[in-house]
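# Chain and residue survey
Now for the letters of each chain:
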Amino acid sequence: MSASQTSDAPTLLVKIFGKDRPGLTAGLFDTLAAYSVDVVDIEQVVTRGRMVLCALVTVPPSGLEGDLRATVHSWAESVKMQAEIISGIGDNRPRGLGRSLVTVLGHPLTARSTAAIAARIAATGGNIDRIFRLAKYPVTAVEFAVSGVETEPLRTALVTDAAALGVDVAVVAAGLHRRAQRLVVMDVDSTLIQDEVIELFAAHAGCEAEVAEVTAAAMRGELDFEQSLHARVALLKGLDASVVDKVRAEVRLTPGARTLIRTLKRLGFQVGVVSGGFTQVTDDLKERLGLDFAQANTLEIVDGKLTGKVVGDIVDRAGKARLLRRFAAEAGVPLAQTVAIGDGANDLDMLNAAGLGVAFNAKPVVREAAHTAVNFPFLDTVLYLLGVTREEVEAADTQDAPH
């Protein structure tokens, strides 16, 4: 029977539910096969060992429907399952125009926040077609497939509520392009790593407090980045170049950073970093983590001493966006299929230029302007925004482990 014939033909929705175990799906369809029905749709979900299996099938030849119903109920009883059979017409109703994927991260994910998200989706005119759990730790991550409303108004409605509900919400357009995002570019300080590199240098120069104050103002967008960079670097004048190795050893990766990069590389993504910090650190990170791209400012060193100056082009707010575009061109990836991750005001141009801009534990001005925000201290939660499940990450790790 063709799709057009099925659209207005009588159909039966056969649902069985109960304790999951091997063989139930085969058993149901073996039972239905005796009645020469066609399968129109199937959906199966297992939650905490309880299975719900729905099969939408065509009505059997005339006079056999009653027998089919009795046989299915008898089979279900024999395997200690419950069955329900509902008559209807055709397939599922067509999904509405405008299809989005809504990822909700909670720690914990409460019933209150879930109810509020679902209600907000309904209020925008959206319909929840499917819900799927991506991860249960380090956060609970759930994905809603939504139709009937365009992505931008849905994102606006949900992101507004997210902070008050204690959850993070990402809304992206559904479609093939989501799986084709092949370049991820990250900020470094307070994103890929937990530290501000210039503050690590400043600690060795005895001017940490002064540098930290200027850094915080710059990240809040209160100071011009280039001016603040020159002012902070000037305080490092006279430091011995040997401090570079000490700072490299002090750098602490953000929890989940290695998992994020390792998983992205397995998926075939290219990964890069751009930083208002220094190549003396980013070059080392590139080598250690197997990154494809890295660009930052460069501290000038003369006669084994830091001069208090930087050399070359400055990587500032506009520079980060330019580098994202350059990396994308070199990688052969359309800009719409890139992901950018950052935390500071100088990351905003880059976040807005990318196909998906993620504010990671960011300042308020950045959270409000980015496509989505992640406020949990685990960088690998970004994987869930790309539709990667925790089980897939762990399975890949297991396959790669030495035997």
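Criteria and cut-off values
Residues numbered from 1 in each chain as written. Predicted model: local features only at pLDDT ≥ 70, side-chain atom pairs only at ≥ 80, totals over all residues. Heavy atoms only, no water. UniProt positions renumbered as here; feature names shortened; annotations may be inferred. Pairing = 2+ DSSP bridges. Helix = DSSP H or I, 4+ residues; strand = E, 2+ residues; numbered from the N terminus. Axes fitted to C-alpha atoms, helices over the stretch in contact; angles between N-to-C directions. Contact = heavy atoms within 4.5 Å. Phe/Tyr/Trp six-rings, centres within 6.5 Å; stacked < 30°, edge-to-face > 60°. Buried < 20%, exposed > 50% of the residue type's maximum accessible area, 1.4 Å probe, protein only. Expected span 1.5 Å × (residues − 1). Polar contact = N/O pair within 3.5 Å; in protein donor to acceptor, adjacent residues only side chain to side chain. pLDDT = per-residue confidence, 0-100. Arc of directions from axis to C-beta. Parallel < 35°, antiparallel > 145°, perpendicular 65-115°, else oblique. Left-handed = near helix turned anticlockwise from the far one by under 90°. Nonpolar A, V, L, I, M, F, W, Y, C, P; charged D, E, K, R; others polar.

Looking up the protein chain in an unreviewed UniProt entry gives the name phosphoserine phosphatase, with the organism given as Streptomyces chiangmaiensis. Of the comments in the UniProt record for the protein chain, the one headed Sequence similarities (unreviewed entry) reads "Belongs to the HAD-like hydrolase superfamily. SerB family." The record in UniProt for the protein chain states the following under Cofactor (unreviewed entry): "Mg(2+)".

This brings us to the sheet that holds strand S7 (residues 140–147). Reading across from one edge, S6-S7-S5-S8 is the order of the 4 strands in this open sheet, with antiparallel pairing throughout. Two strands lie at the open edges of the sheet, namely strand S6 (127–135) and strand S8 (167–173), each paired on one side alone. Between one strand axis and the next, the sheet turns through 20 degrees on average, direction left out of account. Across 7 bridges, S6 lies against S7 in antiparallel orientation. If you follow Phe132 over to S7, its bridge partner there is Glu143. Running over the sheet, helix H4 (residues 111–123) touches strand S5 (99–106), S6, S7 and S8 and is turned about 145 degrees from S6. Along the sheet face, helix H5 (residues 151–165) touches S5, S7 and S8 and points at about 170 degrees away from the line of S8.

For the structure on display, the rule yields 2 aromatic pairs. Consider the rings of Phe201 and Phe278, whose centres lie 6.0 Å apart with planes at 85 degrees: the pair is edge-to-face. Of this pair, Phe201 sits in helix H7 (residues 197–205) while Phe278 sits in strand S10 (residues 270–278), and the two are 77 residues apart along the sequence. Accessibility classification places Phe201 together with Phe278 in one group, the buried group. Relative to Phe327, the ring of Phe293 lies with its centre 4.7 Å away and its plane at 15 degrees, an arrangement referred to as stacked. Within this pair, whereas Phe293 is found in strand S11 (residues 293–302), its partner Phe327 is found in helix H13 (residues 317–331), the two being separated by 34 residues in sequence.

Let us look at unusual backbone geometry. Residues His107 and Pro108 are joined by a peptide bond in cis, for which omega reads 5 degrees. Pro138 follows Tyr137 through a cis peptide bond whose omega is 0 degrees. As for its placement among the helices and strands, Pro138 is situated in the loop between S6 and S7. One non-glycine residue, Ser36, lies in positive phi territory at about 55 degrees. Overall, the relative accessible area of 59% leaves Ser36 in the exposed class.

Within the secondary structure layout, Val37 lies in the loop between helix H2 (24–33) and strand S2 (39–47). When its relative accessible area of 16% is taken as the criterion, Val37 is described as buried. As for Val37 and Pro61, which are separated by 24 residues in sequence, their C-alpha atoms are 8.3 Å apart. For Val37, the residues in contact, after removing those within four places along its chain, are Leu32, Val57, Thr58, Val59, Pro60 and Leu68.

Further remarks concern the side chain of Thr31. Looking at the element boundaries, Thr31 is found in helix H2. Setting aside residues up to four positions removed in sequence, Thr31 forms contacts with Thr71, Val72 and Trp75.

In this model H13 runs 21 Å from its N-terminal to its C-terminal C-alpha over 15 residues, within 8% of the 21 Å that 1.5 Å per residue would give. For H13, the complete set of buried residues consists of Gly319, Lys320, Ala321, Leu323, Leu324, Phe327, Ala328 and Ala331. Of the residues flanking the start of H13, the one acting as N-cap is Asp316, its side-chain oxygen 3.4 Å from the backbone nitrogen of Ala318. Backbone geometry just after H13 places Gly332 at a positive phi near 70 degrees.

A separate point is the sheet that holds S10. Ordered by their spatial adjacency, 7 strands build an open sheet running S12-S11-S10-S9-S13-S14-S15, and the pairing between neighbours is mixed. Sheet topology places strand S12 (305–311) and strand S15 (372–374) at the edges, where each strand pairs with a single neighbour. Direction aside, neighbouring strands of the sheet carry axes that sit 25 degrees apart on average. Against the sheet, helix H9 (residues 225–234) makes contact with S10, S11 and S12, and its axis sits at roughly 170 degrees relative to S12, the strand it touches most.

Low-pLDDT portions of the prediction should not be read for the details of their coordinates. Mean pLDDT over the protein chain: 91, with 95% of residues reaching 70 or higher. The low-confidence segment residues 1–5 (pLDDT under 50) makes 4 contacts with residues lying over four places distant or belonging to another chain.

Right, let's talk about H4 for a bit. At 3.6 residues per turn, the α-helix brings residues three or four places apart onto the same side. End to end, H4 covers 18 Å across 13 residues, agreeing with the expected 18 Å (1.5 Å per residue, within 8%). All of the buried residues in H4 are Ser113, Ile117 and Ile121. Projected down its long axis, H4 shows its buried positions confined to an angular sector of 75 degrees, all on one face. Within H4, the exposed residues directed more than 90 degrees away from the buried face are Ala111, Arg112 and Ala123.

Turning our eyes to something else, we now look at the packing of helix H10 (residues 243–250) against helix H12 (residues 279–289). Where H10 contacts H12, the axes come no closer than 10 Å and their chain directions differ by 50 degrees. Taken together, the axes of H10 and H12 are oblique relative to one another. H12 is crossed by H10, and the crossing has right-handed handedness. Side by side, H10 and H12 meet where Val244, Val247 and Arg248 of the first sit next to Gln280, Val281, Asp284 and Arg288 of the second. Looking at the contact of H10 with H12 residue by residue, the classes come out as 3 nonpolar, 1 polar and 3 charged.

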